[in-house]
Amino acid sequence: MANDREILREIWEGKLPVSFRLDSDEVADFREPDPFYLMVPRLSYFPLVTDKVKKHFLKYVTNDKQDQEMWLEYNGQPLKWHYPIGVLYDLMFSTEDLLPWSLTVHFDKFPESEVYKFSNKEMIEAYFMACLKEADVLKHRGQIVSSMQKKDHNQLWMGLQNDKFDQFWSVNRKLMDCPAEFDHFKYIPFRCYVDDGYRQKLIKPVAEDGRKKTLRDLLNEMFPGRNSVRVKTHGMFPPLETPLQWLSEHLSYPDNFLHLCVI
Amino acid sequence: MTATVVCTNWRDNILTQLQERNRKESLLFQDLISQHTKAFENATRLYSENLQLSIQNEKLKTEVRSDLRTQERIQQIEQKLLANAEELTELHRRKGENSQQIIDLNTLVQEKDKIIATKDVTLAENTAKIVSLQAEVSMLDQSNRELKYLNDTLRDEHQALQLAFSSLEEKLRKMQDENRQLVERLIKYKAKDADRMNEENDNFLKNRYKKMQKEIEEACRDTRGTSPEELVEGVGPLYQFTVPTRLTLKFDAHEGEVSAVKWSSVDRLLATGGADRKLKLWDVSKGTCESKGSLELWPSTLTLRGSLVLGASNDYATRVWTIADQRLRHTLTGHSGKVMAAKFLGEAPKVVTGSHDRTLKIWDLRSRACIETKFAGSSCNDLVTVDSAGSIIISGHFDKSIRFWDSRRNRVPTI
């Protein structure tokens, strides 16, 4: 049960200030394009929020690049758009740098080897739903997602897109619900971001002896032998005593996964 | 309890962390960024509006200009249309002219064709003529050849005849020589005869002369008067040494007085002038006198010279006629008195007249004008021109004087 509305609310309200700058090499107009400032929600994905950015910067780019995909880059690294924004920030933002987060917008030379190409929002929606289904499979063996109607899926997606807490959570609550005979998920859906990728493992939220596992346990299981592993999520370091079930219910991203960045 | 405390501990931890995070990350920038986006949107909107307005402005300007321009273009188009219409009429006219020319040229061509046809006909005729002429030529050649043959034969005959002729000529010459000789002999004999006759004549003449001398001597002792009325003057040359004694002819010359009489030195003509104002010419050669003609004048004197008759008249004028056709040639007027005498002056065609008005006038017959007037002082009765050059004129006057004039000089020696 995701009952702690205060936490959920705080999580949902997380926004980041981002300044988008067009790569100076690609400027075709004689005017210098102004940087575009935007508050982007942590829980969303970049392609959902960059419409205006694209429109703004498209004016300054030569005609032959108009049809190309826009891609973002920070510190020379292209941004993987299928990570939620908060994850990308936690991963890539270096502590010496100052907010707002300045990203460089590119239209040319899309790095196909590193980033997936996306053509439209349906692709993002498909990816989101896939993650959601994957999470549900891990949690409830896929029963709840499959029993949901199409309109519920749509509601989830629209709620995320339009930044509507109530709309989203009215459906997501079902996903956070536990089936009657259990009070915990089957497995915890999470991803540990480490070494330029992420790792997943089947980890139960409850130990064999019935004890609720904590973050510490997860880390021990994920990284055996490493003692001082710090994990960042949602821009903060959760205490290691936090129980996994609660963590999964409250600190998941909208795709129902826990995204933990290992520092 | 501890679990909840522990629960709340980590939960509070998480909450505070999240709140801290939010504060740091979003709250700081929220307002700023929203304001910025607003300002940005405003700016872009204004920019786009500005762009649109300037575009509209441009469009309006171009519309205005294009209005003008459309009007100009309309004018230009109209002008072009006019020019095109003119060109069209011009071209139509030229087309008409060209077709007219074509028609004319066609007629010319037809005429030329006709001419060519006629020329062809004449050409055919001419070739036919040539053929016939060639035939004629051949015929003529043939006849020519025949004639040449004849000519040759004639020449041979002629040569033969010439030989005969030359022999005859020889004979003739011989005859003529004989004849001449005979004639010479005859002349000699005749001459001898003539000499004998001359001698006889001479003797006879000598005898006669002697006789006459005797008679003359006798006559000188015995004088006789002559009749003034009807005198036939013997104008004969001096070698006729007889004074006329016999009256040959007597006739009535004029109705009234006969005032002047003169012989013509050329023909046997006698000219007489009378008071009947007529000048008559008489032919005395046949022994009769015939009136040749009568001429109007009041003659006082007559002069005959060559073929001309000069009559001085009492009507103050002098007239000249030709004898042959009896036509009045000149009338010389100028005297204020009767012309008493008129004579031909030495070199023709000068005439000198003396008049009652005490003047002598010299006239030029060619110009019929008076060349000179000499004042004599007295009425001139009669004139004589002395020498053939006509330089000296002698005039007898009423005042019993005779004046000698030099026609070359203007002086008057008088006697």
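Looking up chain B in an unreviewed UniProt entry gives the name Autophagy-related protein 16 domain-containing protein, with the organism given as Aromia moschata. Note on chain B: under the UniProt heading Sequence similarities (unreviewed entry), the record states "Belongs to the WD repeat ATG16 family."

An unreviewed UniProt entry annotates chain A as Autophagy protein 5 of Aromia moschata. Reading the Sequence similarities (unreviewed entry) entry of the UniProt record for chain A gives the comment "Belongs to the ATG5 family."

(A) Geometry of the overall build of chain B. Along chain B, the regular secondary structure elements total 1 helix and 15 strands. Contacts in chain B between residues far apart in sequence, at least 24 positions, make up 31% of those at least 6 positions apart. For chain B, the accessible surface area stands at approximately 31,300 Å², while carbon and sulfur atoms represent 56% of it.

(B) Geometry of the pattern of salt bridges. All told, the structure shown has 24 salt bridges over all chains when counted by the stated rule. Residue D163 of chain A pairs with K15 of chain A through a salt bridge whose shortest N-O separation is 3.0 Å. With a gap of 148 residues between them, D163 of chain A in the loop between α7 (150–161) and α8 (165–176) and K15 of chain A in strand β1 (residues 15–22) connect regions that are remote in the sequence. With relative accessibility at 31%, the residue D163 of chain A sits in the partly exposed group. The structure contains a network of salt bridges with shared partners spanning D4 and E6 of chain A together with R11 and D12 of chain B.

(C) Representation of the confidence of the model for chain B in the model. Residues and elements named next belong to chain B. Mean pLDDT over chain B: 80, with 76% of residues reaching 70 or higher. Per-element mean pLDDT across chain B ranges from 52 in strand β4 (residues 291–296) up to 90 in helix α1 (residues 2–220). We note a pTM of 0.47 for the whole complex and an ipTM of 0.72 for its interfaces.

(D) Main features of the interface of chain B and chain A. Taken residue by residue, the interface counts 22 residues in chain B and 36 residues in chain A. Of the roughly 2,400 Å² buried between chain B and chain A on both sides combined, carbon and sulfur atoms contribute 65%. The largest share of the area that chain B buries against chain A comes from W10, R21 and F40 of chain B, three residues that together contribute 25% of it. Counting every contact that joins chain B to chain A gives 3 salt bridges. Between E6 of chain A and R11 of chain B there is a salt bridge whose closest N-O contact spans 3.2 Å. The interface formed by chain B and chain A includes 6 residue pairs in polar contact (both at pLDDT 80 or more). Residues of the side of chain B that touches chain A, tallied by class, amount to 8 nonpolar, 9 polar and 5 charged.

(E) Structural context of the sheet that holds β1 of chain A. Residue and element names in this part refer to chain A. Read from one edge to the other, the open sheet built from 5 strands follows the order β2-β1-β5-β3-β4, with strand pairing classed as mixed. Edge positions in the sheet fall to β2 (36–41) and β4 (77–78), since each has one partner strand and no second. Across 6 bridges, β1 lies against β2 in antiparallel orientation. Residue pairing for β2: F20 is matched across the bridge by F36. Where helix α4 (residues 85–92) meets the sheet, it contacts β1, β2, β3 (71–74), β4 and β5 (101–106), and its direction lies at approximately 110 degrees from that of β5.

Basis of the calculations
- Residues numbered from 1 in each chain as written.
- Chains lettered and ligands numbered in written order.
- Predicted model: local features only at pLDDT ≥ 70, side-chain atom pairs only at ≥ 80, totals over all residues.
- Heavy atoms only, no water.
- UniProt positions renumbered as here; feature names shortened; annotations may be inferred.
- Helix = DSSP H or I, 4+ residues; strand = E, 2+ residues; numbered from the N terminus.
- Contact = heavy atoms within 4.5 Å.
- Areas by Shrake-Rupley, 256 points an atom, 1.4 Å probe, with all protein chains shown as cover.
- Salt bridge = Lys/Arg side-chain N within 4 Å of Asp/Glu carboxyl O.
- Buried < 20%, exposed > 50% of the residue type's maximum accessible area, 1.4 Å probe, protein only.
- pLDDT = per-residue confidence, 0-100.
- Buried area = accessible area lost by both parts, 1.4 Å probe.
- Polar contact = N/O pair within 3.5 Å; in protein donor to acceptor, adjacent residues only side chain to side chain.
- Nonpolar A, V, L, I, M, F, W, Y, C, P; charged D, E, K, R; others polar.
- Pairing = 2+ DSSP bridges.
- Axes fitted to C-alpha atoms, helices over the stretch in contact; angles between N-to-C directions.

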